[in-house]
Amino acid sequence: MILTVEDDDAIRRGVVDALTYAGYTVIEAGHGEEGCQMALRREFDLLLLDMVLPGKTGLEILREVRNVKPTLPVIILSARGEESDRVSGLRLGADDYVVKPFSVNELLARVYAVLRRSPSRPSDVEAIAFAGGRVDFARCEVQFSDGERVELSEREQQLLRYLARHAGRTVPRQELLENVWQIDARGVSTRTVDMHVARLREKLRDDSENPTLLMTVRGRGYMLAQSLS
């Protein structure tokens, strides 16, 4: 997945269309503040970042992203006269830059090259062991030591897998909606996440009154215990 942050609607649309046609999944933002929030909260493989943006500049976004995601691949999109910004961006850790106007072929070639030489993402969680059982994501089921097996729905295993990848960290409900349900969660009021967590606790035999696996962080979100077994 690629995040494109570009305020020029025509350029952004062209970039999104080209990447989508090439087989990439793309999410987009046209404002600096929105782009920064998406860059910090969403999971994706590459950031295409314009330097001149309303609300927050590309350099400000890059600086914040590097503090949180130091290995995330970033390609700067810059106008020909923004050499100082390109240099600053590269010094802050951008992997490459493309000068506007650019051709679709050049952009795709640079995207491919940066993704190819970037460190591989950590392998996904295949199973979770906890006292009295384990979760097998390949089989989409909870397996207890007493022999009982409980099936997980596709959404339940996606939610649990995401929490497992971030075990020990409080994950806000909005982040879960955006990365598990793939919806824009701004201004959304829903109990969907809470209901799915409640069902997961039941299937994991995790006491809803005093959970030890799927813990509620009041006012913030949920956290999967880092040490489960």
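Structural data are supplied above this passage.
In what follows, the accompanying structure is described. (Residues numbered from 1 in each chain as written. Predicted model: local features only at pLDDT ≥ 70, side-chain atom pairs only at ≥ 80, totals over all residues. Heavy atoms only, no water.)

## Things to note about the pattern of salt bridges
To keep it simple, the criterion reads: The rule for a salt bridge is simple: a side-chain nitrogen of Lys or Arg has to be within 4 Å of a carboxyl oxygen of Asp or Glu. Only DSSP runs of H or I reaching four residues or more are called helices, and only runs of E reaching two or more are called strands; each is numbered from the N terminus. Relative accessible area decides the class of each residue, using a 1.4 Å probe on protein chains only: under 20% of the type maximum gives buried, over 50% gives exposed, and in between gives partly exposed.
Applying the stated rule across the entire model yields 22 salt bridges. For Glu28, the salt bridge identified is with Arg12, shortest N-O distance 2.9 Å. Taken as a pair, Glu28 in strand E2 (residues 26-29) and Arg12 in helix H1 (residues 9-21) lie far apart in primary sequence, 16 residues in all. We classify Glu28 as partly exposed; its relative accessible area is 28%.

## Description of the environment of Ala138
With respect to the helices, strands and loops of the structure, Ala138 is situated in the loop between strand E7 (133-136) and strand E8 (141-144). Residue class for Ala138 comes out exposed when judged on its relative accessible area of 66%. Along the chain, Ala138 and Glu126 lie 12 residues apart, while their C-alpha atoms are 6.7 Å from each other.

## Let's talk about the packing of helix H2 (residues 32-41) against helix H3 (residues 58-68)
Worth spelling out the cut-off: The angle between two axes is taken between their N-to-C directions and runs from 0 to 180 degrees, where each axis is a line fitted to C-alpha atoms and a helix contributes only its stretch in contact. Orientation categories follow fixed angle ranges, with anything under 35 degrees roughly parallel, anything over 145 roughly antiparallel, 65 to 115 roughly perpendicular, and all other angles oblique. By definition, any crossing whose near helix is turned counterclockwise from its far helix by less than a right angle is left-handed, and any crossing with a clockwise turn is right-handed. Whether two residues touch is decided by their heavy atoms; if any such pair falls within 4.5 Å, the residues are in contact. In this count, Pro and Cys sit with the nonpolar residues alongside Ala, Val, Leu, Ile, Met, Phe, Trp and Tyr, while Asp, Glu, Lys and Arg are called charged and the others, Gly among them, polar.
Between H2 and H3, the shortest axis-to-axis distance is 10 Å and the interhelical angle comes to 10°. On the basis of the axis angle, H2 is roughly parallel to H3. For the crossing formed where H2 meets H3, the hand is right-handed. When H2 is examined against H3, the residues Gly32, Cys36, Ala39 and Leu40 are found in contact with a partner set consisting of Ile61, Glu64, Val65 and Val68. A breakdown of the residues in the contact of H2 with H3 according to their chemical character gives 6 nonpolar, 1 polar and 1 charged.

## Examining H1
As a reminder of what qualifies: One less than the residue count of a helix, multiplied by 1.5 Å, gives the span that helix is expected to have. Throughout, the arc means the angular range of directions from the helix axis out to the C-beta atoms.
The terminal C-alpha atoms of H1, which comprises 13 residues, lie 18 Å apart, in line with the 18 Å expected from a rise of 1.5 Å per residue. Listed in full, the buried residues belonging to H1 are Arg12, Val15, Val16, Ala18 and Leu19. The buried side chains of H1 occupy one side of the element, clustering within an arc of 165° when seen end-on. Facing away from the buried side of H1 by more than 90 degrees, the exposed set consists of Asp9, Ala10 and Tyr21.

## Overview of the nonpolar core
For clarity, the threshold we go by: In this description, a nonpolar core means a group of buried Ala, Val, Leu, Ile, Met, Phe, Trp, Tyr and Cys residues linked to one another through side-chain atoms lying within 4.5 Å.
Judged by nonpolar contacts, the single largest core of 27 residues is most densely connected at Ile128, Val135, Val142, Leu159, Leu160, Leu176 and Leu204. When residues in this core are grouped by element, the largest group, 5 residues, is from helix H6 (residues 154-165). Core analysis: the second largest hydrophobic core is formed by 20 residues, Ile27, Leu62, Leu72 and Val74 among them.

## Structural notes on the packing of aromatic side chains
Just so we agree on the cut-off: Centre distance within 6.5 Å is the pairing criterion for rings of Phe, Tyr and Trp, where only the six-membered ring of Trp is used; planes under 30 degrees apart are then read as stacked, over 60 as edge-to-face, and the remainder as tilted. Two conditions define a charge sitting above a ring: the NZ of Lys or the CZ of Arg must be within 6 Å of the ring centre, and it must be within 35 degrees of the ring normal.
Tallied over the entire structure, the rule returns 1 aromatic pair. Ring geometry for Phe130 against Phe144: centres 6.1 Å apart, planes inclined by 80°, an arrangement best described as edge-to-face. With Phe130 in strand E6 (residues 127-130) and Phe144 in strand E8, this residue pair connects regions lying 14 residues apart in the sequence. For Phe130, a relative accessible area of 6% corresponds to the buried category. Classification of Phe144 by relative accessible area gives buried; the value is 8%. The lysine or arginine in question, Arg205, covers the ring of Phe144, its NZ or CZ lying 3.7 Å from the ring centre.

Interpretation note: all reported values are geometric properties and have no functional meaning in isolation.
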